[in-house]
Amino acid sequence: MWGFILWAAAATPSGSDCIACHPKQGEDWLTSRHRVSWSNTLFQDDFQQEPLPLCEGCHAPTERKMEGVSCIHCHLQEGVILATTVSGLAPHPSRVAPRLSTSAFCADCHDFNFAVVHPGGQISWTEEPMQSTFREWSLWSGAPSRSCQSCHMQDGGHRFPGAHDTEWLAESITVTLTRHHDRVRFIVETHDIGHAFPTGDLFRHLTVQIKTDEQPWLEVAWFGRRFVDDAASQTKRLVTDSRIFPGQPVWVDVPAAPLQWQLRYHYTQSEAPWVLLREGAVSFPD
């Protein structure tokens, strides 16, 4: 009880203060991308180039920026702890907040349009989505039983696996090869993903790469979103969206020849960094 009194009296409560009584959730959070939403290199590289204060609302929503998105941001409101269930035994004020278990709760940070920052700091929002994961889920899934939490918080976990969990990603996508005369068709499709893939940051994309004995790695397919700068809206405008959607396989044909292939997931618009999701070799009998 005294621990809670000291915690409640702190000027800026810390997510780390919750771990003593919630060790499993705390352990998950400490290894999550939420924990490094502010400090990770990919975000900081972009933020240093375009340090918009509005980014802090999602990447550092409390005064303890280095904690990223912590327990405090999601579960503390006006001195009361919000939870999906309340036992009545906790040494702090608690109340049930059903919205915590809905996809709409995640949309606050994972679905928004491009913003224009005007002289003086005023912000206006354009009609062009920058991240649209919630809208994608609403269009292709939408059932409460298939909420964001059902995949990203399985068994109540707080690790929130996503694009930086390579093993988890690899399990969610398949590559099937078929022969069509003198061509090889690579069929790529997702499984148990309720939104476009990749989703989230506008620069994430997939590529299919092939390599033969005579040539180095060559990109033969690109799946993602492409934007152009739009002077009228003072921001970016979507021109193509070749991502993979639920139930909609995509494919690419290449000449039938002995070759190696890879499916790569890229986090930025540059060639690197990327992670390997699938790979294999193609050979045909004479």
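Residues numbered from 1 in each chain as written. Predicted model: local features only at pLDDT ≥ 70, side-chain atom pairs only at ≥ 80, totals over all residues. Heavy atoms only, no water.

Scanning all chains against the criterion turns up nine aromatic pairs. Relative to Phe47, the ring of Trp38 has its centre 5.1 Å away and its plane inclined at 65°; by these criteria the two rings are edge-to-face. Ring geometry for Phe197 against Tyr265: centres 5.7 Å apart, planes inclined by 55°, an arrangement best described as tilted. Here Phe197 is found in the loop between strand E7 (183-190) and strand E8 (205-211), whereas its partner Tyr265 is found in strand E12 (residues 259-266), with 68 residues between them in sequence. Of the two residues, Phe197 and Tyr265, both sit in the buried class. Put simply, the rings of Trp38, Phe43 and Phe47 touch in pairs and so form one group of aromatic residues. Across from the ring centre of Trp274, 4.0 Å away, lies the NZ or CZ of Arg264, which sits over that ring. (Phe/Tyr/Trp six-rings, centres within 6.5 Å; stacked < 30°, edge-to-face > 60°. Helix = DSSP H or I, 4+ residues; strand = E, 2+ residues; numbered from the N terminus. Buried < 20%, exposed > 50% of the residue type's maximum accessible area, 1.4 Å probe, protein only. Lys NZ or Arg CZ within 6 Å of the ring centre and 35° of its normal.)

A few words on the sheet that holds strand E1 (residues 76-77). Pairing is mixed across the open sheet formed by three strands, whose spatial order is E1-E2-E3. Two strands close off the open sheet at either side, each with one partner strand: E1 and strand E3 (94-96). Relative to strand E2 (residues 80-83), E1 is paired through two bridges, and the arrangement is antiparallel. Note on E2: the bridge partner recorded for Leu76 is Ile81. (Pairing = 2+ DSSP bridges.)

The subject of this paragraph is the environment of Arg185. On the secondary structure map, Arg185 appears in strand E7. What makes Arg185 partly exposed here is its relative accessible area of 23%. Spatially, the C-alpha atom of Arg185 lies 6.5 Å from that of Val254, the residues being 69 residues apart in sequence. The residues contacting Arg185, other than those within four sequence positions of it, are Thr176, Leu177, Thr178, His180, Trp251, Val252 and Asp253. Here Asp253 takes part through its side chain, which lies 2.8 Å from a polar atom of the side chain of Arg185. (Contact = heavy atoms within 4.5 Å. Polar contact = N/O pair within 3.5 Å; in protein donor to acceptor, adjacent residues only side chain to side chain.)

Turning to the pairing of E8, a few remarks are in order. Most of E8 sits inside the fold, with six of its seven residues counted as buried. Where E8 meets strand E9 (residues 218-230), six bridges bridge the pair, whose relative direction is antiparallel. What sits directly across from Leu206, in E9, is Phe223. Between the antiparallel neighbours E8 and E9 lie six residues. Where E8 meets E12, seven bridges bridge the pair, whose relative direction is antiparallel. Looking at the pairing, His205 lines up with His266 of E12.

The next subject is helix H3 (residues 41-49). Looking at H3, one finds that the buried residues are Phe43, Gln44 and Phe47. With its buried residues spanning 95° around the axis, H3 presents them on a single face. The exposed set on the far side of H3, more than 90 degrees from its buried face, consists of Thr41 and Gln49. Where H3 is buried, its residues touch helix H4 (56-59). In this structure Asn40 caps H3, since a side-chain oxygen of it lies 3.2 Å from the backbone nitrogen of Leu42. (Arc of directions from axis to C-beta.)

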